[in-house]
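Spelled out, the chains give:
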Amino acid sequence: LSNRSSGTGTIQAIYNGSLVVGTSSISYNSIDNLSFTAPSTASTCYLINNTAVDPGSAMVISNNTFGSNSVNYTGATGGSAAFTGINQSGVPLYLTISSNNFNNISIKTTGEINLIYANYVAPTGSKTIQNNIITTGFARTVAATMMSN
């Protein structure tokens, strides 16, 4: 997956925007050799973007590998948009995000970086985020104001 355009918009390697009832899983995927090489870009990037889930269901995002060889956001001037590894904005009853590997990632953006983003209060169920790792390296190669994980 490669983006060489300088435009705006959203880039999503894996996207689910359909309401799924029951247990859902986004697991055992490998997103590799992803590069943004335009001189500059305002395109928001999600490696996994899950925006819909039944509120009575369970969601599992696990054992995904991001960047076995590299994920690079390296245009000449860099980007200005957000970069999010895993985004869970749908609100399931039970959420598990575990054992995901962020490997050899280089990001050149002044925008917000979230490796895992699931910013909501679990209704009466639970939200478990554990055993996710960064291996080999992670670099933000341009000055910026915010980084979260």
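Note that the structure is a prediction, hence the values are computed from the model and not measured.

Novice: I'm lost on the overall build of the chain in this one. Help?
Specialist: Across its full length, the chain holds 0 helices and 17 strands. Buried residues in the chain amount to 44% of all 149 residues. When contacts within the chain are restricted to residue pairs at least 6 apart in sequence, long-range pairs at least 24 apart make up 87% of them. With an accessible surface of roughly 6800 Å², the chain has 49% of that area assigned to carbon and sulfur atoms.

Novice: Would you mind going over unusual backbone geometry with me for this structure?
Specialist: Note on backbone geometry: most residues besides glycine have negative phi, and most peptide bonds are trans. Not every positive phi belongs to a glycine, and N63 is a case in point at roughly 55 degrees. You can see N63 is positioned in the loop between β7 (58–62) and β8 (65–66). Positive phi values are uncommon outside glycine, yet N131 reaches one of about 55 degrees. Structurally, N131 is set in the loop between β15 (126–130) and β16 (133–140). For N131, a relative accessible area of 56% gives the class exposed.

Novice: Before we go on, may I ask you to explain the sheet that holds β15 in this structure?
Specialist: Whenever strands of a sheet pair, they do so through backbone hydrogen bonds, lying parallel or antiparallel. Here 4 strands make up an open sheet; going across it, the order is β3-β7-β12-β15 and the pairing parallel. The outermost strands of the open sheet, each flanked by one partner alone, are β3 (24–27) and β15. Here the average twist between neighbouring strands, direction ignored, is 5 degrees. In this structure, strand β12 (residues 94–98) lies alongside β15, joined through 5 bridges in parallel fashion. Residue pairing across strands places T96 opposite T128, the latter belonging to β15.

Novice: Sorry if this is basic, but what is going on with the nonpolar core here?
Specialist: Nonpolar side chains in soluble globular proteins tend to be buried together. In terms of nonpolar packing, the biggest core is built from 23 residues, with L47, I61, F66, I86, I97 and F102 touching the most fellow members. Elements represented by at least two residues in this core include exactly β6 (40–50), β7, β11 (83–88), β12, β13 (101–107) and β14 (113–117). When residues no more than four places from it in sequence are discounted, the contact partners of I61 are I26, S27, I48, I86, Q88, T96, I97, S98 and N100.

Novice: Mind showing me how you'd approach the pairing of β7 here?
Specialist: On a regular strand, one side chain projects to one face of the sheet and the next to the other, so that they alternate. Among the 5 residues that make up β7, 4 are buried, leaving the element largely enclosed by the rest of the structure. Relative to β7, β3 is paired through 4 bridges, and the arrangement is parallel. Its bridge partner being in β7, S24 is matched across the sheet by M59. The sheet contact formed by β7 and β12 spans 5 bridges and is parallel. Across the sheet, the residue bridging to I61 is I97, located in β12.

Novice: Mind showing me how you'd approach the environment of S24 here?
Specialist: In this fold, S24 is placed in strand β3. We classify S24 as buried; its relative accessible area is 10%. For S24 and M59, which are 35 residues apart along the polypeptide, the C-alpha to C-alpha distance reads 4.9 Å. Leave out the neighbours within four places in its chain, and S24 touches A58, M59 and V60.

Novice: How should the packing of aromatic side chains be read in this particular structure?
Specialist: Within a pair of aromatic rings, the relevant descriptors are the distance that separates the centres and the angle that separates the planes. In the structure shown here, the tally under the stated rule is 1 aromatic pair. Taking 4.8 Å as the distance between ring centres and 25 degrees as the angle between the ring planes, the aromatic pair formed by F66 and F102 counts as stacked. A residue pair is termed long-range when its members are at least 10 positions apart, and F66 in strand β8 and F102 in strand β13 qualify at 36 residues. Here F66 falls in the buried class, since its relative accessible area comes to 1%. A cation over an aromatic ring shows up here: K127 above the ring of Y120, its NZ or CZ 4.4 Å from the ring centre.

About the criteria used
- Residues numbered from 1 in each chain as written.
- Predicted model: local features only at pLDDT ≥ 70, side-chain atom pairs only at ≥ 80, totals over all residues.
- Heavy atoms only, no water.
- Helix = DSSP H or I, 4+ residues; strand = E, 2+ residues; numbered from the N terminus.
- Buried < 20%, exposed > 50% of the residue type's maximum accessible area, 1.4 Å probe, protein only.
- Contact = heavy atoms within 4.5 Å.
- Areas by Shrake-Rupley, 256 points an atom, 1.4 Å probe, with all protein chains shown as cover.
- Pairing = 2+ DSSP bridges.
- Axes fitted to C-alpha atoms, helices over the stretch in contact; angles between N-to-C directions.
- Core = buried A, V, L, I, M, F, W, Y, C linked by side-chain atoms within 4.5 Å.
- Phe/Tyr/Trp six-rings, centres within 6.5 Å; stacked < 30°, edge-to-face > 60°.
- Lys NZ or Arg CZ within 6 Å of the ring centre and 35° of its normal.

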